[in-house]
Each structure stands twice: as structure tokens, then as C-alpha cells.
Amino acid sequence: MTPEELEDEDARPAPPVYPAITRAERAHGRRLATIHDMYRAELDAVARLLDAIRAGSGNAADLAPAVAGTQLARNMALFGTACGRDCALLQNHHDIEEQWMFPALADRGGAVLAPVIARLKAEHAVIHGLIGALHEAARDLAASPGAEGFARCAADFAVLDRAIRSHFGYEERALEEPLGALRVPI
């Protein structure tokens, strides 16, 4: 799957509808968005740094440590996933989804959720690759600052930013009702 394919809303399977879902169950399902908000804030910080470098008020050498210092990149290096180690610490988010939350959803929700879960796993793989590409571009830029390296970083970041925001939006919409209605802890 390419980043462009990741963003294709028409290719994303629709989740099942739970007509009897309660407000409390729906609120439970929305907790996933709260977790994602932390990562959106990190993306916003990297975007601000890129803007400062572009405007001449930031140092290109600061980009690699900033990207490497995000929870996304640290956990990619430590755990092979884009997010951290356990839910309480907002760590290992994708690992938890794939190793615990997705199997619980599949078990409780049956085959109707299988296409949604498969799609989310495929999107995770694309995002992990994009994080690695940005980290590499930022390291290269720090080692050899220049317009070409900066342009590569900015382009890699723009692709990653779009992909993550698109993925988070889909995941939140697709899993809000199943997480709540099926009482899968987050």
C-alpha cells in the first residue's frame, strides 16, 4: 500500500453499525481519539520546526534530534512500532492495537470487523515506513545541511503528516462504536 492508497477513503472498509450503542459506550470508544491527540501534537511541533527552518529562524541541525525525540520515532526505534509501550503511558499504541485490541475486537465482533482490522494493520505498516524515511532524511540533513536535504525532509514530513492524520481519522471513526459496544478496554 502506498501513502496515496492509505488516504483513499473509498478503499477503506466500512465498520459495522451498532444501533443500540449507548452514549457511555460511544464515549468509551472516543478514548482512542484522546490517545491520538498526543501524536497529533508531536506532528504539529515538527511542522512548526520545519516552518522555522524554512523561514530562516530555525537551525536544520535541530530537525534530526526533534524527529528522533518524538514518541513516534523513539518507539519505532525501540519497539518497531510508531507508538509507545502501554496504554496508560500512551506507549506502544499500534502494538497494543495489533496484539490486544484488534484480536479482542475480532473475537467479540466476528468476521464483520475483519476487513476493517486488516486495513488498519496495513496502514500501520505504511506509517512505520514513513516514520523511518523521515528519520533518515532528518539525520542526512543534520549531517549535510542544505536546501535539497531540507526539501526532502519537508516532503517526507508532509506525506507522513497526511498519512497519520488520515489513518487516525479513519481508525477513530471505524472503531468508535465497536470499541464501546463490544466493551473492549482501551
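Turning to the pattern of salt bridges, a few remarks are in order. Taken as a whole, this structure holds 16 salt bridges when the rule is applied. Notably, a salt bridge pairs R12 with E123, separated by 2.8 Å at the nearest N-O pair. A residue pair is termed long-range when its members are at least 10 positions apart, and R12 in the loop between α1 (3–6) and α2 (23–29) and E123 in helix α7 (residues 114–143) qualify at 111 residues. Under the relative-accessibility criterion, R12 is labelled buried at 7%. Look at E123 and you get buried, because its relative accessible area is 0%. In this structure, R183 and E25 form a salt bridge, with 3.0 Å as the shortest nitrogen-oxygen distance. Here R183, found in the segment after α8 (147–181), pairs with E25, found in helix α2; they are 158 residues apart in sequence, far enough to count as distant. For R183, a relative accessible area of 56% translates into the label exposed.

This next bit is on helix α3 (residues 31–55). Its 25 residues place the ends of α3 37 Å apart at the C-alpha level, agreeing with the 36 Å of an ideal helix rising 1.5 Å per residue. Of the positions making up α3, those classed as buried are L32, I35, H36, Y39, R40, E42, L43, V46, L49, L50 and I53.

So, how was this worked out
- Residues numbered from 1 in each chain as written.
- Predicted model: local features only at pLDDT ≥ 70, side-chain atom pairs only at ≥ 80, totals over all residues.
- Heavy atoms only, no water.
- Salt bridge = Lys/Arg side-chain N within 4 Å of Asp/Glu carboxyl O.
- Helix = DSSP H or I, 4+ residues; strand = E, 2+ residues; numbered from the N terminus.
- Buried < 20%, exposed > 50% of the residue type's maximum accessible area, 1.4 Å probe, protein only.
- Expected span 1.5 Å × (residues − 1).

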